[in-house]
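A look at the structure
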Amino acid sequence: MANEDGLLELREQLDSIDNKILDLLNNRMKLVHKVGALKAKSGGAIYRPEREKSIIDRLEKINNEKNGLLNRNAIEALFLEIFAISRNIELPENIGYLGPQGSFTHQAAEARFGAMSSYVSISSIKGIFKELELKKIKYGVVPIENSSNGIVNDTINGFSNFNSKIIAEVVLNIHHTLATTCDKISDIKKIYSKDIAFDQCRKFLTNFGLDEVELIPVESTTKAAKLSAIEPNSAAICPHVAAKLYNLPILFENIEDKDNNKTRFFILSDFENTPSGNDKTSILVNLPDEQGSLVKFLNDFNDAGINLTKIKSHIVEGNSIFFIDFDGHKDDENVKKVLEKHKSSIKILGSYVKEIKDI
Ligand SMILES: C=C(O[C@@H]1C=C(C(=O)O)C=C[C@H]1O)C(=O)O
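Residues numbered from 1 in each chain as written. Predicted model: local features only at pLDDT ≥ 70, side-chain atom pairs only at ≥ 80, totals over all residues.

Concerning the environment of H240
Take H240: it is sitting in helix α10 (residues 240-245). Distance from H240 to R264, taken between C-alpha atoms, is 18 Å for residues 24 residues apart in sequence. Apart from residues no more than four positions distant in its own chain, H240 is found in contact with H175 and T177. (Helix = DSSP H or I, 4+ residues; strand = E, 2+ residues; numbered from the N terminus. Contact = placed C-beta atoms within 7 Å.)

So this is what it looks like as structure tokens:
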């Protein structure tokens with residue numbers, strides 16, 4: 001009983017702290033509302049990733065100085081949700097993601113825009129670029145590359161044909177699950193998934209004798225979960241969110257062969273970020289078909305002290321183009337000069353806060 005009394009007392013203290021947190025959050029939302037009104041007057045962007053990053057950096061620093069119990073991940077999880085709710089109070093805006101519902105892109109969108117936002121599932125990457133251009137959505141979330149399968153061609157094509165800007169990147173660890181209503185692995189007679197996911201889970205399938213059962217490729221892992229949920233003796237290889245969506249029990253988690261399977265996503269919109277001090281820039285480059293043109297181009301970056309972090313070649317309508325990432329913001333003095341010199345062969349896709357995780 002003495003213990004129980006102690007519990008009641010602690011719970012009273014927690015209740016009183018929660019009441020204060022609620023009051024503080026409401027005060028914060030009142031200020032956010034005023035920021036929204038100012039932005040409405042000036043036409044300023046609602047989502048300011050560089051400001052959000054600087055808030056999280058500041059809070060992490062204070063937390064560490066005070067030996068707080070929270071780590072960066074916890075601070076980020078709490079505050080990204082607060083920011084997402086704040087943005088909805090400033091102005092609710094639609095977010096389009098490459099669907100279907102429960103896809104990894106949906107998961108990436110939720111990681112940045114939180115639970116309260118209004119999401120639209122769009123069935124193709126081109127469709128996302130189109131909806132952005134028509135202003136039917138304010139933000140679009142698309143995959144750009146995966147550590148096992150490389151660059152996503154449809155996204156590069158979208159950048160060549162449309163003018164949306166990259167305003168943020170999100171890197172997700174990709175985990176697959178084996179989800180099924182079967183109690184035993186030996187009851188599974190067929191498995192639904194996307195062909196890429198079968199490839200990424202080969203070892204697991206062989207080790208559990210599942211390479212002999214029928215593997216049925218479908219267009220999405222969400223569809224795989226949906227089909228398996230209603231079909232006895234079947235299973236799905238799908239993300240956690242997709243299994244949850246169809247109440248499909250998860251038999252095994254993290255069944256992918258490589259445990260560092262990551263996908264990088266871009267958040268697209270119609271505005272440009274101001275520098276945050278820790279940015280990356282992405283460009284598309286279409287160089288003249290002459291000897292040494294790529295070497296000369298890259299040398300100019302080197303001479304300006306710019307660190308190139310990625311270069312991938314890609315074919316668009318028979319032309320070879322390069323997708324390049326480098327450290328820095330397009331408005332940094334050294335970057336500006338190089339971009340200006342090559343402006344006829346470059347398309348700037350956006351400058352955005354660099355994610356800590358990389359692929
Ligand atoms: C309130 C603002 O708008 C948004 C919400 C933020 C917040 O809740 O702190 C921060 C940046 C913006 O994404 C702002 O720009 O200051």
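Notes on the packing of helix α2 (residues 49-65) against helix α3 (residues 72-90)
Packing of α2 against α3 leaves a shortest axis separation of 10 Å and a crossing angle of 140°. Comparing their axes, α3 and α2 come out oblique. Crossing geometry of α2 relative to α3 is assigned as right-handed. Facing α2, whose interface residues are E52, I55, I56, L59, E60 and N63, α3 presents R72, I75, E76, F79 and F83. Within the contact of α2 with α3, the residues separate by chemical class into 6 nonpolar, 1 polar and 4 charged. (Axes fitted to C-alpha atoms, helices over the stretch in contact; angles between N-to-C directions. Parallel < 35°, antiparallel > 145°, perpendicular 65-115°, else oblique. Left-handed = near helix turned anticlockwise from the far one by under 90°. Nonpolar A, V, L, I, M, F, W, Y, C, P; charged D, E, K, R; others polar.)

Focus on the domain arrangement of the protein
The domains assigned to the protein are domain 1 (177-252) and domain 2 (274-354). A separation of 42 Å is found between the C-alpha centroids of domain 1 and domain 2. (Domains from an automatic or database assignment.)

A short note on the pairing of strand β6 (residues 177-180)
Judged by which residues are buried, β6 turns out to be covered on both faces: T177 and A179 on one side and L178 and T180 on the other are all buried. Alignment of β6 against strand β9 (residues 234-238), held across 4 bridges, turns out to be antiparallel. Each bridged residue has a counterpart across the sheet, and for T177 the counterpart in β9 is C238. Pairing geometry for β6 and strand β10 (residues 250-252), over 2 bridges, is antiparallel. The partner of L178 across the bridge, within β10, is F252. (Buried ≥ 20, exposed ≤ 12 C-beta atoms within 10 Å, placed from the backbone. Pairing = 2+ DSSP bridges.)

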